[in-house]
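Structure at a glance
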Amino acid sequence: MIRSILLCALLIQSASVVAQSQFSGWFANFSTYRIPDSKFSIHFDGQLRSSDNWESLQTYIVRPGVNFHARKNIILTAGYANVGNRALGQMFSEHRIWEQLIVTHNIGKFMPFQHRVRVEQRFIPVVAAMNGREPEKVESNVSHRVRYFVRGLLPFSGRAGFTKGFFGAVQNEIFINFANTGYANSHAFDQNRAYGAIGYRFSSKFDLEAGYLHHYTMRFNGQNTFHVTNNVIQLATYVRL
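The model shown is predicted, which means the values in this text are computed figures rather than measured ones.

This part covers the pattern of salt bridges. Using the criterion set out here, one finds 12 salt bridges in the structure. For glutamate 120, the salt bridge goes to arginine 96, with nearest N and O atoms at 3.3 Å. Remark: arginine 96 occurs in strand 5 (residues 90-107) and glutamate 120 occurs in strand 6 (residues 111-128); sequence separation between them is 24 residues. With relative accessibility at 8%, the residue arginine 96 sits in the buried group. For arginine 147, the salt bridge identified is with glutamate 173, shortest N-O distance 2.8 Å. Taken together, the residues arginine 147 in strand 7 (residues 136-155) and glutamate 173 in strand 8 (residues 165-179) connect sequence positions 26 residues apart. Considered together, arginine 147 and glutamate 173 belong to a single accessibility category, that of buried residues.

The structure is reproduced here in structure tokens:
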């Protein structure tokens, strides 16, 4: 099933005519802070993303949440996200409520694998500049989206119980709109992100990685559907406390 989903994502990207190509940089921090003597932890995800050709800040993300560790390899999370996007020269926030399920397991003896399903309730701002005035948010529309993410980690040491050293990472995430799609891009398919990276694990608490992300997006401008490929250089840190 996983192979079928990834193959479909690849076919969607290759079969579509790309109307626009971009180059940008993303920085991301993913942190988990375990609450002592409990099954709960705090999730925090913070990101900065540049515009095309690294010219300016295009997007920021602040995404806290609360994790419930149902089992050693199963985590349930609920949270809130503030996603700022630049439109008409100014930043406007999209607010989100989100829920997710994470399941982890090993392939073979030493390759960690993660599956994540996230559901988002998006409050998408409608921005307009009327009568020569400064652009402003005139309303928000609610749309719903589901995301499926899969990630594998390959320790270069080839050893079980990997706690330090270099590793390779590959992942893919597909985004599907499933309600009120007219407020998003008027299509079920939203976007796909394929990513490969090289990283270094300094300890069981901290990873640093850098890689390339192929970000394919379907967009709708009110009249026409067009496709954007964003070539992203990403730097990411992972903190586990």
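Moving on from the coordinates now.
Each aromatic ring pair is summarised here by two numbers: the centre-to-centre distance and the angle between the ring planes. Applying the stated criterion across every chain yields a total of 7 aromatic pairs. A cation over a ring is seen here: arginine 116 above phenylalanine 149, with NZ or CZ 4.2 Å from the ring centre. The lysine or arginine in question, arginine 118, covers the ring of tryptophan 98, its NZ or CZ lying 4.7 Å from the ring centre.

Within a sheet, adjacent strands bond to each other through the backbone by hydrogen bonds, running parallel or antiparallel. The strand order 1-2-3-4-5-6-7-8-9-10-11 describes a closed barrel built from 11 strands, whose pairing is mixed. Each strand axis lies, on average, 20° off the axis of its neighbour in the sheet, ignoring direction.

With that settled, the discussion passes to the environment of alanine 210. The residue alanine 210 is located in strand 10 (residues 206-220) in this model. Taking the C-alpha atoms as reference, alanine 210 lies 16 Å from asparagine 230; in sequence the two are 20 residues apart. Those residues in contact with alanine 210, other than ones at most four positions away along the chain, are Tyr195, Ala197, Ile198, Gln234 and Leu235.

Rules used throughout
Residues numbered from 1 in each chain as written. Predicted model: local features only at pLDDT ≥ 70, side-chain atom pairs only at ≥ 80, totals over all residues. Heavy atoms only, no water. Salt bridge = Lys/Arg side-chain N within 4 Å of Asp/Glu carboxyl O. Helix = DSSP H or I, 4+ residues; strand = E, 2+ residues; numbered from the N terminus. Buried < 20%, exposed > 50% of the residue type's maximum accessible area, 1.4 Å probe, protein only. Phe/Tyr/Trp six-rings, centres within 6.5 Å; stacked < 30°, edge-to-face > 60°. Lys NZ or Arg CZ within 6 Å of the ring centre and 35° of its normal. Pairing = 2+ DSSP bridges. Axes fitted to C-alpha atoms, helices over the stretch in contact; angles between N-to-C directions. Contact = heavy atoms within 4.5 Å.

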